[in-house]
Amino acid sequence: MSILILGGTGRTGKLLVQESLSAGHEVHVLVRDIANIPFEATQPNLKLFEGNPKNIHDLKKALTGCEYVINTLNISRISDFPWAKLRTPPTLLSTSVNNIVHLSSSLPIKKVVICSAWGVAESRDHIPFWFKWLIANSNINAAYIDHQRQEEILKSSTLDWVIVRPVGLSNGSKKQQIKVSFSNSPRPSLTVNRISVAHFLLNALSDEDLIGKIPVISAQ
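Residues numbered from 1 in each chain as written. Predicted model: local features only at pLDDT ≥ 70, side-chain atom pairs only at ≥ 80, totals over all residues. Heavy atoms only, no water.

1. Describing helix α5 (residues 140-155)
In an α-helix there are 3.6 residues to a turn, and that puts residues three or four apart on one side. The line we're drawing: Helix and strand assignments follow DSSP, with helices taken as H or I runs no shorter than four residues and strands as E runs no shorter than two, numbered in order from the N terminus. To estimate how far a helix should extend, the number of its residues minus one is multiplied by 1.5 Å. Every residue pair with non-hydrogen atoms within 4.5 Å of one another is taken to be in contact.
Relative to the 22 Å expected for 16 residues at 1.5 Å per residue, α5 spans 23 Å between its end C-alpha atoms, a close match to the ideal helical length. The inward-facing, buried residues of α5 contact β4 (68-71), α3 (92-103), β5 (111-115), α4 (129-136) and β6 (161-166).

So, in structure tokens, the structure goes:
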């Protein structure tokens, strides 16, 4: 497959890039600064594009030749401290997805998979009370607001899509067995590691049963 990966320099995105290349796919990655990518730039089947997904012209260059998109962008802060200032614009996710939808009228995009978060929209009712409080009272909320915006944009489009909502992300090099939940059934566990999320996102491209669905994923 030919895949555009957005957010490919992030902690989950860079694992997804390697997973996709290892599977033999052609991978395009749009990055702000090619000089600072966290993986080997000369790998076969990897094409790097410098730019910003909020700029529709930058996005079109990176997307040309791709039939699939996996979006792992997030609203980031200058540190992991919940009240730290935002590093990215608060509408990065929604603007980027809106650009993808707009470009789909002229480019042959077959499917879009986005990495959202457990706690977005109706799934807010299913997360622990302390996590609800943290979202409501810190700068983490900006990401959840824009995740919901991008979900609504994608759901309103004519594209085939999958919206994946991972639970709390952890590190680890060993892939975990994944629990897939819909409407809080079965009840998710609280964490999943990033390499397992990357693996699930890639597999979602070829899983026809997930089209138009919003799975919450966690570790078994």
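From this point, the narrative continues.
2. Here we look at the pairing of strand β10 (residues 216-219)
Our working rule: Each residue gets one of three labels from its accessible area relative to the maximum for its type: buried under 20%, exposed over 50%, partly exposed in between, using a 1.4 Å probe on protein chains only. Whether two strands pair depends on DSSP finding at least two bridges between them.
Residues Val216 and Ser218 point to one face of β10 and Ile217 and Ala219 to the other, with burial holding for every one of them. Pairing of β6 with β10, which is carried by two bridges, proceeds in the parallel orientation. Counterpart to Arg165 in the pairing with β10 is Val216. Pairing geometry for strand β8 (residues 178-181) and β10, over four bridges, is antiparallel. When the sheet's bridge partners are listed, Val180 is paired in β10 with Ile217.

3. Considerations on the sheet that holds β8
What counts is decided by this rule: Orientation is described by lines fitted to C-alpha atoms, with helices fitted over the stretch in contact, and by angles between N-to-C directions that extend from 0 to 180 degrees.
Sheet architecture is open: eight strands sit in the order β3-β2-β1-β4-β5-β6-β10-β8, paired in mixed fashion. With one partner strand each, in any of the chains shown, β3 (46-50) and β8 form the two edges of the open sheet. This sheet shows a mean twist of 20° between the axes of neighbouring strands, independent of strand direction. Set on the sheet, helix α6 (residues 194-204) makes contact with β1 (2-6), β4, β5, β6, β8 and β10; between it and β5 the angle comes to about 160°.

4. Notes on the nonpolar core
Definition in use: Only buried Ala, Val, Leu, Ile, Met, Phe, Trp, Tyr and Cys residues count toward a nonpolar core, and they belong to the same one when joined by side-chain atoms within 4.5 Å.
Val29, Leu46, Ile70, Val113 and Leu201 are the most contacted members of the largest nonpolar core, which totals 39 residues. In terms of residue count, α6 provides more of this core than any other element does, six residues in total. Ignoring sequence-local partners within four residues, the contact set of Val29 consists of Leu4, Ile5, Gly8, Val17, Phe39, Leu46, Lys47, Leu48 and Phe49.

5. So, the packing of aromatic side chains
Formally: Two rings from Phe, Tyr or Trp (for Trp, the six-membered ring) form a pair when their centres sit within 6.5 Å of each other. Planes less than 30 degrees apart are called stacked, planes more than 60 degrees apart edge-to-face, and all others tilted.
For the coordinates displayed, the defined rule picks out four aromatic pairs. An angle of 85° between the planes, with centres 6.1 Å apart, marks the rings of Phe131 and Tyr144 as edge-to-face. Taken as a pair, Phe131 in helix α4 and Tyr144 in helix α5 lie far apart in primary sequence, 13 residues in all. The buried category is assigned to Phe131, whose relative accessible area is 17%.

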